[in-house]
Structures are given as structure tokens and as C-alpha cells.
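Structural features, examined
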Amino acid sequence: MSNINNEDNMMVNNIREDEFIKEALPHEDALYNYALKISGNSDDAQDLVQETYYKAYRHFDKFQTGTNSKAWMFMILKNSFINDYRKSKREPYKLDYEQIQNFYDNVKSDRAQENNLDKEFYNDLLDDELTAAIDQLPTKMREVFLLCDLDGNSYEETAELVGCPVGTVRSRLHRARHMLQATLMDYAKDKGFLN
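Summarised in this report is the structure supplied together with it.

Rules used in this analysis
Residues numbered from 1 in each chain as written. Predicted model: local features only at pLDDT ≥ 70, side-chain atom pairs only at ≥ 80, totals over all residues. Heavy atoms only, no water. Helix = DSSP H or I, 4+ residues; strand = E, 2+ residues; numbered from the N terminus. Buried < 20%, exposed > 50% of the residue type's maximum accessible area, 1.4 Å probe, protein only. Contact = heavy atoms within 4.5 Å. Areas by Shrake-Rupley, 256 points an atom, 1.4 Å probe, with all protein chains shown as cover. Core = buried A, V, L, I, M, F, W, Y, C linked by side-chain atoms within 4.5 Å. Polar contact = N/O pair within 3.5 Å; in protein donor to acceptor, adjacent residues only side chain to side chain. Axes fitted to C-alpha atoms, helices over the stretch in contact; angles between N-to-C directions. Parallel < 35°, antiparallel > 145°, perpendicular 65-115°, else oblique. Left-handed = near helix turned anticlockwise from the far one by under 90°. Nonpolar A, V, L, I, M, F, W, Y, C, P; charged D, E, K, R; others polar. Expected span 1.5 Å × (residues − 1). Phe/Tyr/Trp six-rings, centres within 6.5 Å; stacked < 30°, edge-to-face > 60°.

Digging into the overall build of the protein
When helices and strands are counted, the protein shows 12 helices and 0 strands. Listed by position from the N terminus, the elements making up the protein come as α-α-α-α-α-α-α-α-α-α-α-α. Relative to its full complement of 195 residues, the protein shows a buried share of 26%. Counted over contacts in the protein with a minimum sequence separation of 6, partners at least 24 positions apart contribute 62%. Counting every atom, the protein has about 13700 Å² of accessible surface; 51% of that belongs to carbon and sulfur.

Details of the nonpolar core
Formed by 38 residues in total, the largest nonpolar core has its most connected members in L31, V49, Y53, L77, F145, V169 and L180. Of all the secondary structure elements, the ones that give two or more residues to this core are helix 1 (2–24), helix 2 (28–39), helix 3 (42–58), helix 4 (69–90), helix 8 (128–136), helix 9 (139–150), helix 10 (155–162) and helix 11 (166–183). The greatest single-element share of this core, amounting to 6 residues, is contributed by helix 9. In this structure, V169 is in contact with V144, C148, Y155, T158, A159, V162 and C164, ignoring residues within four places of it in sequence.

Brief notes about the side chain of N153
With respect to the helices, strands and loops of the structure, N153 is situated in the loop between helix 9 and helix 10. Take N153: its relative accessible area is 12%, and that puts it in the buried class. A distance of 3.4 Å separates polar atoms of two side chains, one belonging to N153 and the other to K70.

With respect to the environment of K78
Checked against the element boundaries, K78 lands in helix 4. Overall, K78 belongs to the buried group, its relative accessible area being 16%. Put simply, K78 and A35 are 43 residues apart on the chain and 8.3 Å apart in space, counted from C-alpha to C-alpha. Other than its neighbours up to four places away in sequence, K78 contacts E143 and V162.

Observations concerning the packing of helix 9 against helix 10
The contact between helix 9 and helix 10 brings their axes to 9 Å, and the two run at 140 degrees. As far as their axial angle goes, helix 10 and helix 9 are oblique. The element helix 9 and its partner helix 10 pack so that their crossing is right-handed. Two secondary-structure elements touch here, helix 9 through E143, V144, L147 and C148 and helix 10 through Y155, T158, L161 and V162. Taken together, the residues of the contact of helix 9 with helix 10 sort by class into 6 nonpolar, 1 polar and 1 charged.

Thoughts on helix 9
Its 12 residues place the ends of helix 9 15 Å apart at the C-alpha level, agreeing with the 16 Å of an ideal helix rising 1.5 Å per residue. For helix 9, every residue scored as buried is listed here: M141, E143, V144, F145, L146, L147 and C148.

Things to note about the packing of aromatic side chains
Here the distance between the centres and the angle between the planes together describe a pair of aromatic rings. This model, assessed by the stated rule, comprises 7 aromatic pairs. Between F20 and Y57, the ring centres sit 5.1 Å apart and the planes meet at 80 degrees, which makes this aromatic pair edge-to-face. You can see F20 sitting in helix 1 and its partner Y57 sitting in helix 3, a full 37 residues away along the chain.

And the structure:
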């Protein structure tokens, strides 16, 4: 009798894993790119994506099949990032001897350059003035701007990813673009985009 129950449990677990793989894994690259943009660090981005997949798998029974799994995964990632940020603000900063030693080893060695390839790639993609202007946007506007204009998501996809109505996405994006336009007017003239 217990063998039958064990076999049933294994079959249910296999079905659950197959569904999870089908629903969640196709979004790994998009999740990583977004995590990299909000965390600014490839290691933190990888940790954030891993935490997102862990939480999604753990709570996969709450996911409704047929709904937008990408939006669900993005919401988990975003909430994890916010929770980690809040937690870090409440706790005093702790120094660990190993962290100091690792930092020293990286600074003095040639390996430090290899560890920052992702950051260099994104820094080279946008000029410093552009990056600074985007970073100055209010958080909700920056989030919508990054998802729509840099990642190429539609208004509807972005609305699902950030959990707000499409009209709010359009409004935030419109305001973000106008703020960037005002901030970058001299930059555009210097680069020859405007006469």
C-alpha cells in the first residue's frame, strides 16, 4: 500500500517539475537582464534570479496554469529585490574579515578586471551621461522606461510585469521620456542628434 502512495507522489512531483520547467525556464534570460539592471552587479543578479526560481518552485502550486508566467516570475523577482533592499537598510553593515581579504586579493590581482565584464558591457552600451540621467529618474518611472524602451516589452507586458494598469505605464513612460529629454538636451546637441 505504501509503495502505491510513493509511486503516486513521485508521479505528481514529475508532472509538477515538467510544468514548472515549461512555464518558468523560458524566462531565465529576461529575468537575468532585468535583475542585472536593477542590482547593477552580475553576482547579485545571479543570486536574485536563483532566489526567484527557488521561490517560484516552492510556491508553484499557487500559480494558475494558463496565466502569464513571465509576469508572475518578474513579480517574484521584483518583490525579492525590494525585500532584500529593505532588509539591508534595517540591518547595520557588517564587515567580515574574509570579505576584506577577498576584496584585497581582487584589487591586487589581474582577476579583478575579469569579474566586471557584464558591468563593463552595460556601461559601454550607454554613455555615462545617459546612464546618470536614467538613474536620476524616480524608481517607478525608471522601471517602466527600462522594461519598455530598453528591453522592448509592450505596454501590456510591462503593465503585467510591474503590476499596474496599462494607462499608468503609459503615463510613467511619457513622464520619464520628458524628464530624460529635458535632462539630455545639451547631450543630444553635443552628439549631433539635434541642430
